[in-house]
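Architecture at a glance
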Amino acid sequence: MSVRLVLGSGSPRRAELLAQIGVVADDVRPPDIDETPQPRELPRPYCARMAREKVLAVSATPDEIVLCADTTVALGRRILGKPADAGQAAEFLLAMAGRRHKVITAVAVKRGDKLWERDVVTTVQMKRLSDQELNAYLASDDWRGKAGGYAIQGPAGAFIPWISGSFSAVMGLPVAETAQLLQTAGYPLLKGWS
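Figured I'd write up the structure that's included with this text. Just so we're clear, the structure is a prediction, and the values are computed from it rather than from any experiment.

Conventions adopted
- Within each chain, residue numbers correspond to sequence positions counted from 1 in written order.
- Given that this is a predicted model, residues contribute local features only at a pLDDT of at least 70 and side-chain atom pairs are listed and counted only at 80 or more, while totals for whole chains, interfaces and linings are drawn from all residues.
- Note: side-chain values were computed over all heavy atoms of the structure, leaving out hydrogens and water.
- Two rings from Phe, Tyr or Trp (for Trp, the six-membered ring) form a pair when their centres are within 6.5 Å of each other. A pair whose planes differ by under 30 degrees is stacked, one over 60 is edge-to-face, and the rest are tilted.
- Here a strand is any run of E in DSSP of at least two residues, a helix any run of H or I of at least four, and the numbering for each starts at the N terminus.
- Relative accessibility under 20% of the residue-type maximum defines a buried residue, over 50% an exposed one, and the middle range a partly exposed one, all with a 1.4 Å probe and only protein chains included.
- Put simply, a charge is over a ring when the Lys NZ or the Arg CZ is close to the ring centre, within 6 Å, and near the line of the ring normal, within 35 degrees.
- Put simply, buried Ala, Val, Leu, Ile, Met, Phe, Trp, Tyr and Cys residues joined by side-chain atoms within 4.5 Å make one nonpolar core.
- Contacts: residue pairs with any heavy atoms within 4.5 Å of one another.

1. As for the packing of aromatic side chains
Within a pair of aromatic rings, the relevant descriptors are the distance that separates the centres and the angle that separates the planes. For the structure on display, the rule yields one aromatic pair. When the centroid spacing of 5.7 Å and the interplanar angle of 75° are considered together, the rings of Y137 and F159 count as edge-to-face. With Y137 in helix α4 (residues 131-140) and F159 in the loop between α4 and β7 (162-164), this residue pair connects regions lying 22 residues apart in the sequence. In this structure, Y137 and F159 share a single accessibility class: buried. Lying over the aromatic face of W162, R100 brings its terminal NZ or CZ to 4.1 Å of the ring centre.

Shown next, in the form of structure tokens:
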């Protein structure tokens, strides 16, 4: 019997990143969980908890492998989630402008009652933003639905002169680490490479 992969995410970016390594999910089942940080919860444990809670919330048969991930933008101890509106997006971007911040992506994979987890932390430098750059970016609506109010693979990539770590993790899925987790869970990763 062949192994089925369930992607517990509606993110087109995550599906694209999986496709880079020849992986196409057999099914997509985004979980519906409460993503509210707990009081005084730090960004890295929060992100790992989100990925774990997501993967546990996806119902699956014992022979299905479920993959979930969470990406969190952290400015010091502060978690910058998905902005509620353009005003909050501007607040996040101005707070990060001219400084370094961290992007944490946690990945969780389950098969039956086994769970494998990994998180990847990437340091990102954002340049100082002029009012014109900020306003043009906000008008693009690219900030909607994005942790920290930006996506490195979109127009905001012009604001990121330097990163240290995994580019794909900043996009939403650390490809090398995800491949390793899938192989550990018994997913035949290399079959699509021939």
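2. Describing the nonpolar core
Residues L93, M96 and Y150 are the most contacted members of the largest nonpolar core, which totals 46 residues. Where this core is concerned, the elements lending two or more residues are β1 (4-7), α1 (12-20), β3 (64-75), α3 (86-96), β5 (100-111), α4, α5 (167-171) and α6 (175-184). Setting aside residues no more than four positions away along its own chain, M96 makes contact with V73, L75, L80, H101, M126, G148 and Y150.

3. Some words on the environment of G145
Structurally, G145 is set in the loop between α4 and β7. Counting along the chain gives 62 residues from G145 to P83, while the straight-line C-alpha distance between them is 7.1 Å.

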